[in-house]
Amino acid sequence: MSETNQKILAKIRNLLTLAEDGGNDEESQTALLMAQKLMLKHKISQQEVSDKKSPEIILRSLSVYKRLYWWEKVLVRIIADNFRCMFYIQSNRLPHQHSVQRKIVLMGFPEDVDLAFQMFNLAADTMKYYSKIHLAKLSEEDLSSNPLSQLRKSYYQGFMDGLKEKFDIQRQVMMNENEKYALIIQTPEAVKEKFNREITGSLTFNQPSFSRSNHAYQDGFQKGKNVNLTQAQINHQAESNH
């Protein structure tokens, strides 16, 4: 990780600590949102003081070739849209394999890709962690009317919808505060041009069916809007539940 992104993530953790110590829920925004805001402020100050050429555009895989889950494709779009990156699905099948293996690849400037990689994994880990807690509390009556797998899908989608809504709100607020954010928050044109020039095809997949009216979706939605996403906090909460 670059020194700049290390400083950004360190600031996120410090802000969360101060917010939690003060007991102010409004200040306890998610680490993802703080990362986005700090990143954009950094981009503006960087543009104002530097006349250097744009950095090289890089690729970074989110995983090895494997079976991709539907939620990974939904989540990466949310993260890429908010951290100035493009992404695509790369497929491969070796002679001894019966099925095609796939991976998600991020494309963008190094600092953006680096931060998007970290944020994707934090969001995914947190979503799975809180989903596990929610499902463990369900009664036999809840499970008799809805298969566990369906409830998990509802929770995941709720979490991602909540996260996207919070990002959308912050984007609008920040653009109202400073018109420079309207340009900075967009994926750089150089990245989009390289993507359109080199990547063909479109992302299509069959999203599973699930209910948006059940408690699993609603709980996931609220958690996605309000959860604090720092690895230290997740680890602490996991240890506290053992």
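S.K.: Looking at this structure, I do not really get the packing of helix 3 (residues 70-82) against helix 4 (residues 110-136). What am I missing?
M.R.: The description of two packed helices rests on the angle between their axes and on the distance between the axes. With their axes 10 Å apart at the nearest point, helix 3 and helix 4 run at an angle of 135 degrees to one another. Our classification of the angle between helix 3 and helix 4 gives oblique. In this structure, helix 3 crosses over helix 4, and the sense of that crossing is right-handed. In this structure, helix 3 contributes Trp71, Glu72, Leu75, Val76 and Ile79 to the contact, and helix 4 contributes Ala116, Met119, Phe120, Ala123, Ala124, Met127 and Lys128. Residue composition of the contact of helix 3 with helix 4, by class: 10 nonpolar, no polar and two charged.

S.K.: I tried to follow unusual backbone geometry on my own but got confused; where do I start?
M.R.: Excluding glycine, residues mostly have negative phi values, and the peptide bonds linking residues are mostly trans. Even without being glycine, Arg84 reaches a positive phi, approximately 60 degrees. Mapped onto the elements of the fold, Arg84 is located in the loop between helix 3 and strand 2 (86-92). Its relative accessible area of 7% is what places Arg84 among the buried residues.

S.K.: Would you mind going over the environment of Ile185 with me for this structure?
M.R.: Within the secondary structure, Ile185 is located in the loop between helix 7 (180-184) and helix 8 (189-198). Sequence-wise, Ile185 and Arg171 are 14 residues apart; in three dimensions their C-alpha atoms are separated by 7.9 Å.

S.K.: Whenever I open this one, the nonpolar core confuses me. Can you help?
M.R.: Within soluble globular proteins, side chains that are nonpolar generally end up buried alongside one another. Core analysis: the biggest nonpolar cluster contains 37 residues, and Trp71, Leu75, Leu106 and Met160 have the highest contact counts within it. Those elements giving two or more residues to this core turn out to be helix 3, strand 3 (101-108), helix 4 and helix 6 (148-177). Looking at this core element by element, the count peaks at 13 residues for helix 4. Those residues in contact with Leu75 that lie beyond four places of it in its chain are Phe120, Ala123, Ala124, Met160 and Leu163. By size, the runner-up hydrophobic cluster in this structure holds eight residues, among which are Tyr88, Val105, Met107 and Phe109.

The rules behind the values
Residues numbered from 1 in each chain as written. Predicted model: local features only at pLDDT ≥ 70, side-chain atom pairs only at ≥ 80, totals over all residues. Heavy atoms only, no water. Axes fitted to C-alpha atoms, helices over the stretch in contact; angles between N-to-C directions. Helix = DSSP H or I, 4+ residues; strand = E, 2+ residues; numbered from the N terminus. Parallel < 35°, antiparallel > 145°, perpendicular 65-115°, else oblique. Left-handed = near helix turned anticlockwise from the far one by under 90°. Contact = heavy atoms within 4.5 Å. Nonpolar A, V, L, I, M, F, W, Y, C, P; charged D, E, K, R; others polar. Buried < 20%, exposed > 50% of the residue type's maximum accessible area, 1.4 Å probe, protein only. Core = buried A, V, L, I, M, F, W, Y, C linked by side-chain atoms within 4.5 Å.

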